[in-house]
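Summary of structural features
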Amino acid sequence: MERVLDDADFKAIKEKLAENDLAAVFQSKRPRPEEVIDVGDIETYKKKARRTLEERMESVRAGREGREKFGSSKGRKAKGGGSSNKQKDKRKQGAMVLHKVRRKARSKGGKQPRKKRR
């Protein structure tokens, strides 16, 4: 037979728990090991809280200290010559360079002109 507990029953249970030692009430029946358990074994993974803007900017500034200026090095480099003729030929349209490619292909022993151009 099942019985539904009402408010008076819950009140009586709370009073009995208050009277008794809580450790004795909740003590398990199996013997516990005497070793100390690490808190990390019991707790689950907890996601780190999001940092504030000030904290993030502080870490950015700390990372920038002691290193060269960040950004493009385009203006800081001295130009050392232009592009080679081979690079220029690759940028041109195929019809402009086709006669050169065919000549080189014949002289090098039958390579495909299309493969040579790329």
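Just so it is clear, the model here is predicted, and its values are computed rather than measured.

Looking now at the overall build of the chain. Of regular secondary structure, the chain possesses seven helices and zero strands. Approximately 12600 Å² of the chain is accessible, and the part contributed by carbon and sulfur atoms is 51%.

Here we come to a nonpolar patch on the surface. Among the surface-exposed residues, Leu-5, Phe-10 and Ile-13 lie close enough to one another that they form a single nonpolar patch of about 260 Å² accessible area. Here Ile-13 shows up in helix 1 (residues 7-19).

Below, the discussion takes up the confidence of the model for the chain. It should be kept in mind that the predicted coordinates are not to be read in detail where pLDDT is low. On average, the chain scores 78 in pLDDT, and the residues at 70 or more come to 78%. For the chain, the element scoring lowest by mean pLDDT is helix 7 (residues 113-117), at 58; helix 4 (residues 53-64) scores highest, at 93.

Compared with the 16 Å implied by 1.5 Å per residue over twelve residues, the 17 Å span of helix 4 between its first and last C-alpha is a close match. Gly-66 lies just past helix 4 and shows a positive phi near 75 degrees.

In this section: a positive patch on the surface. On the surface, a cluster of positive charge is made up of Lys-86, Lys-90, Arg-102, Arg-103, Lys-104, Arg-106 and Lys-108. If you list the elements that add at least two residues to the positive patch, you get helix 5 (85-91) and helix 6 (94-108). Among the structural elements, Lys-104 can be located in helix 6. On the basis of relative accessibility, which here comes to 44%, the residue Lys-104 falls in the partly exposed class.

Under the 1.5 Å per step criterion, the end-to-end length of helix 6 is 19 Å for 15 residues, consistent within 8% with the ideal 21 Å. Lys-100 marks the point of greatest bend in helix 6, at about 30 degrees. Every buried residue of helix 6 is listed here: Val-97, Val-101 and Ala-105.

Once that is clear, we can look at the side chain of Asp-9. Mapped onto the elements of the fold, Asp-9 is located in helix 1. Once residues within four sequence positions are removed from consideration, Asp-9 is found in contact with Arg-3 and Val-4.

Our focus in this paragraph is the pattern of salt bridges. Inspection of the entire model under this criterion finds two salt bridges. Linking Asp-9 and Arg-3 is a salt bridge whose minimum nitrogen-to-oxygen distance equals 3.0 Å. Overall, Asp-9 belongs to the buried group, its relative accessible area being 18%. For Arg-3, a relative accessible area of 63% corresponds to the exposed category.

With respect to the helices, strands and loops of the structure, Asp-89 is situated in helix 5. Overall, Asp-89 belongs to the buried group, its relative accessible area being 19%. Setting aside its immediate chain neighbours within four residues, Asp-89 contacts Val-97 and Lys-100.

The rules we used
- Residues numbered from 1 in each chain as written.
- Predicted model: local features only at pLDDT ≥ 70, side-chain atom pairs only at ≥ 80, totals over all residues.
- Heavy atoms only, no water.
- Helix = DSSP H or I, 4+ residues; strand = E, 2+ residues; numbered from the N terminus.
- Areas by Shrake-Rupley, 256 points an atom, 1.4 Å probe, with all protein chains shown as cover.
- Patch = residues over 30% accessible without salt bridge, like charges linked within 9 Å, V, L, I, M, F, W, Y side chains within 5 Å.
- Salt bridge = Lys/Arg side-chain N within 4 Å of Asp/Glu carboxyl O.
- pLDDT = per-residue confidence, 0-100.
- Expected span 1.5 Å × (residues − 1).
- Lys, Arg positive; Asp, Glu negative; His and termini not counted.
- Charge placed at Lys NZ, Arg CZ, Asp CG, Glu CD.
- Buried < 20%, exposed > 50% of the residue type's maximum accessible area, 1.4 Å probe, protein only.
- Bend = angle between axes of the 7 residues up to and from the residue.
- Contact = heavy atoms within 4.5 Å.

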